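# Close look at the chain arrangement
Residue-level listing of the chains:
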Amino acid sequence: MAQNALSVWKSIREEREVPEPPQDFSELRWAALLFGGSRCQVCALWSHARSRRADTSSRSVAALPMYSPSIFIYVADSARGAKNRISYVTESKFTTVFPGQDTALLDLIPYTDTGGRGLSSRFFLKADIEDIIRQWSALNVVSTTADATQNVLEEFRQERKEFVAGVLEDAEKYLEWLEWSYKERDADSRERRKVRAAAVRQKFIDMGYAAEDIQSIMAEKSVDSPNELTDRGWARIRVDLEKTLIEIRDRRIEQERQRRISRRLGMFKKAFISQTRTLHPQIWLQYPHWREVAAFPDFDEILSAPDNVTVNEGSLGPAMVQLPSLVTTWLEDRKAKLTRLAPARTPHVQPITTDVLTLATSVFKCGNLSCRNDSPAWATISTNPLFGWTDASHHICEDPQREYHGGYIQPATLKKTVVAFFQGASVVAAHLVHLVGLDPGHATVADMDRGAHHFFCSGCFPSQAVYTWRSAVAHVAQHRHAATPALQLLTSAEVQSVTKPRDTADAMHCWLCYHCSAHVPARQTKASVLDHITSQ
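Within each chain, residues carry numbers counting from 1 in the order of the written sequence. It should be noted that, the model being predicted, local features are given only for residues of pLDDT at least 70 and side-chain atom pairs only at 80 or more, the latter also being counted only at that level, while totals for whole chains, interfaces and linings use all residues. Note: side-chain values were computed over all heavy atoms of the structure, leaving out hydrogens and water.

From N to C terminus, the chain includes 18 helices and 15 strands. Scored against the burial criterion, the 536 residues of the chain give a buried share of 41%. Note on contacts: a residue pair is in contact if any heavy atoms of the two residues lie within 4.5 Å. Counting contacts in the chain only where the partners sit at least 6 residues apart, residues at least 24 apart contribute 61% of the total. Computed with the Shrake-Rupley method and a 1.4 Å probe, the accessible areas treat only the protein chains shown as cover for residues. Here the chain has roughly 30,400 Å² of accessible surface; of this, 52% comes from carbon and sulfur atoms. Secondary structure elements follow DSSP: runs of H or I no shorter than four residues count as helices, runs of E no shorter than two count as strands, and numbering proceeds from the N terminus. Using a 1.4 Å probe on the protein chains alone, a residue whose accessible area is under 20% of its type maximum counts as buried, one over 50% counts as exposed, and one in between counts as partly exposed.

In structure tokens, the structure reads:
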């Protein structure tokens, strides 16, 4: 502080109720200790204003917390340009740093607990210790007699003890003021931050942005600042803030659109299931998945309508009336595509004389590698075989685990369904048809299902697993056996002798009654469906 600023400082100090300086401190030194630079005199780092502490016990500045009293720092002497090494010395290290010196000398020096881990730790400025040792040594040689020396030393000891007691007493008073001062400063900073944030908020509101979007940028560094918002400052921060605000707004609008469509999808799903419950299972099995129907142009136009358009169950009425004809058109288109995929013959099949999509050799698979739909249930691999028209027409690519998120149906989980002909599985199916004595050119999926045949894979010896014809095809697809797999047809007696049947579909919820709609669309286990049928 310049000398000519002394009167200004004293005036401000009295106005702000800053305590008067200690007797051995000048006004300039007192001002420098309380409000000087934030360089820590222990670690030599520039400390944040919130962590700066003026230690009125040792009359130094330390960052809080400062747990390394043995760290030495160099403080530049502005007058001489020299560098003076300063450090704290702990009471326990005194005899190590100053061997041969009496520890009673420490009672004559002001101390602090700044930097100590324990409440009882005492830390002394090394310069103070060196100074008191010099004074004590000088007093020892002043007098000519031992009694005179003892009296001088005792007077000096009492004087220093009173001085230390006064410093520590004043330190408590100064510390109380410092804590109050820091709280006042923080409160003032918070208030100025609120004023600046309110100004930024109002400017963006005047520009037409929504308050909920503006709230999301209140934590930005350029907003959360105690500095006054000037026109120049606003011009400097506006561009980046507005860019962030636009991103937040667009993200919110998209999320609202997703939630709006999700609610509408839930409503459509309920209406779709309600209508399909009236269908015979044979017809329902050919219906596309409700998500596929939701993508029909007639329904998509309603479900994707803007927010200002009211969409309710009544809005779906006209399209739901047209649902049977829409599904018929979809089935014809899907059937034509699948028919084009299925070859007219395979190595094991003679010229086909029946509907190709009903044949047991018409095996398809999902062509979408990212599909997580594990339907049908008799195989739990990504290359699940889809047998015939029923499986291939009803498959839809989606992630069932992500259909619901945060209480909403996720539109993004609907993927483009891709079905491809499964050549390897078709060859295996033809081989199984031959084993049961049927003609692959005529045997249908229903024929193989009714046969209830079981097979054994000798390529997996010594495994004793037994497979149905569907799970056998899936097994070969999963383990990539030879083109002509070592599958053997088992007799009824052989099946009974096997203790580990491999019919995973029986315990899965993939069965329904073929006589009524009791299990549409919630399929059940095979045992539950059989109990239902026998109880009717």
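Bringing the pattern of salt bridges into the picture now. The working definition used for a salt bridge is a side-chain nitrogen of Lys or Arg within 4 Å of a carboxyl oxygen of Asp or Glu. Summed over the entire model, instances satisfying the criterion amount to 20 salt bridges. Two residues, Arg260 and Asp307, come together in a salt bridge whose shortest N-O distance is 3.9 Å. Of the two residues, Arg260 is situated in helix α7 (residues 231-276) and Asp307 in the loop between α10 (297-303) and α11 (313-321); the sequence distance between them amounts to 47 residues. A relative accessible area of 13% places Arg260 in the buried class. Accessibility expressed as a relative area gives 58% for Asp307, which makes it exposed. A salt bridge links Arg334 to Glu292; the shortest N-O distance between them is 3.7 Å. Pair noted here: Arg334 is in helix α12 (residues 323-341) and Glu292 is in helix α9 (residues 290-294), with a separation of 42 residues, a long-range link.

Let us now look at α7. In a helix, the anticipated span is given by 1.5 Å times the number of residues less one. Taking 1.5 Å per residue, 46 residues should reach 68 Å; α7 reaches 64 Å between its end C-alpha atoms and fits that length. One axis is fitted to the seven residues ending at the residue and one to the seven starting there. The bend at that residue is the angle between these axes. Of all the bends in α7, the largest measures some 40° and sits at Arg238.

On to the environment of Glu256. Within the secondary structure layout, Glu256 lies in helix α7. Judged by relative accessible area, which is 29%, Glu256 ranks as partly exposed. Taking the C-alpha atoms as reference, Glu256 lies 9.1 Å from Asp307; in sequence the two are 51 residues apart.

Spatially, the 3 strands line up as an open sheet ordered β8-β7-β11, and their pairing is antiparallel. Edge positions in the sheet fall to β8 (385-387) and β11 (419-421), since each has one partner strand and no second. Averaged over all neighbouring strand pairs, the angle between strand axes comes to 40°, with direction disregarded. Here strand β7 (residues 363-366) runs beside β11; their pairing, made up of 3 bridges, is antiparallel. Within the sheet, the bridge partner assigned to Lys365 lies in β11 and is Ala420. Angles shown run from 0 to 180 degrees and are taken between the N-to-C directions of axes, each axis being a line fitted to C-alpha atoms and, for helices, limited to the stretch in contact. On top of the sheet, α12 reaches β7 and β11; it is set at about 30° to β11, its chief contact. If DSSP finds at least two bridges between two strands, the strands pair.

A few words now on the packing of aromatic side chains. Planes of paired rings set the category: under 30 degrees apart is stacked, over 60 is edge-to-face and the rest tilted, where pairs are Phe, Tyr or Trp rings (Trp by its six-membered ring) whose centres lie within 6.5 Å. Under the counting rule described, the total for this entry stands at 10 aromatic pairs. Ring centres of Phe268 and Phe299 lie 5.0 Å apart, and the angle between their planes is 55°; on these two criteria the pair is classed as tilted. Residue Phe268 is found in helix α7, and its partner Phe299 is found in helix α10; the two are separated by 31 residues along the sequence. Across the pair, exposure class does not vary: Phe268 and Phe299 are buried alike. By way of ring pairs, the aromatic residues Phe268, Phe272, Tyr287 and Phe299 are connected into one cluster. Placement of a charge over a ring requires the Lys NZ or Arg CZ to be within 6 Å of the ring centre, with the centre-to-atom vector within 35 degrees of the ring normal. Against the face of Tyr111 rests Arg122, its NZ or CZ located 4.9 Å from the ring centre. Geometry around Trp389 places Lys335 over its ring, the cationic atom sitting 5.8 Å from the centre.

This next bit is on the confidence of the model for the chain. pLDDT runs from 0 to 100 and stands for how confident the predictor is about each residue. Counting all residues, the mean pLDDT for the chain is 76, and 74% of those residues have values of 70 or more. This stretch, residues 39-85, has a pLDDT under 50; its non-local contacts, to residues over four places away or in other chains, come to 119 contacts. Scored below 50 in pLDDT, residues 115-119 makes 10 contacts in the model with residues more than four places away or belonging to other chains.

Bringing the nonpolar core into the picture now. What we call a nonpolar core is a set of buried Ala, Val, Leu, Ile, Met, Phe, Trp, Tyr and Cys residues that are connected through their side-chain atoms within 4.5 Å. By size, the foremost hydrophobic cluster in this structure holds 39 residues, and its most contacted members are Phe268, Phe299, Leu316, Leu323 and Phe364. For this core, the elements supplying multiple residues, two or more each, are α7, α9, α10, α11, α12, α13 (388-394) and β11. Tallying contributions element by element places α12 first for this core, with 6 residues. With residues up to four places along the chain from it excluded, the contact list for Phe268 reads Trp290, Val293, Ala294, Phe299, Leu303, Leu316 and Met320. If you look at the next biggest cluster of nonpolar residues, it comprises 24 residues, including Ala360, Phe422, Ala443 and Val473.

Alignment of β7 against β8, held across 3 bridges, turns out to be antiparallel. Paired with Val363 across the bridge in β8 is Phe387.

We now examine unusual backbone geometry. A positive phi angle is found at Ala452, which is not glycine, with a value near 50°. If you trace the backbone, Ala452 turns up in the loop between α15 (445-451) and β12 (454-457).

Moving on to the packing of helix α4 (residues 126-140) against helix α5 (residues 146-206). Put simply, α4 and α5 touch, their axes get as near as 9 Å, and they point 155° apart. Here α5 runs roughly antiparallel to α4, going by the angle between their axes. Between α4, through Ile132, Gln135, Trp136, Leu139 and Asn140, and α5, the contact on the second element is made entirely by Thr149, Val152, Leu153, Phe156, Arg157 and Arg160. In the scheme used here, Gly and all other residues not listed as nonpolar or charged are polar, with Ala, Val, Leu, Ile, Met, Phe, Trp, Tyr, Cys and Pro taken as nonpolar and Asp, Glu, Lys and Arg as charged. A class-by-class count of the residues in the contact of α4 with α5 yields 6 nonpolar, 3 polar and 2 charged. Here the word oblique covers every angle except those under 35 degrees (roughly parallel), over 145 (roughly antiparallel) and from 65 to 115 (roughly perpendicular).

A few words now on the environment of Arg523. Of note, Arg523 is situated in the loop between β15 (501-502) and α18 (526-535). It is 5.2 Å that separates the C-alpha atoms of Arg523 and Cys510, two residues lying 13 residues apart in sequence.

Here we come to the side chain of Thr525. With respect to the element layout, Thr525 can be found in the loop between β15 and α18. Here a polar contact means two N or O atoms within 3.5 Å. Within protein one must be a hydrogen donor candidate and the other an acceptor candidate, and residues neighboring in sequence count only if both atoms are side-chain atoms. A distance of 3.0 Å separates a polar atom in the side chain of Thr525 from a polar atom in the side chain of Ser528.

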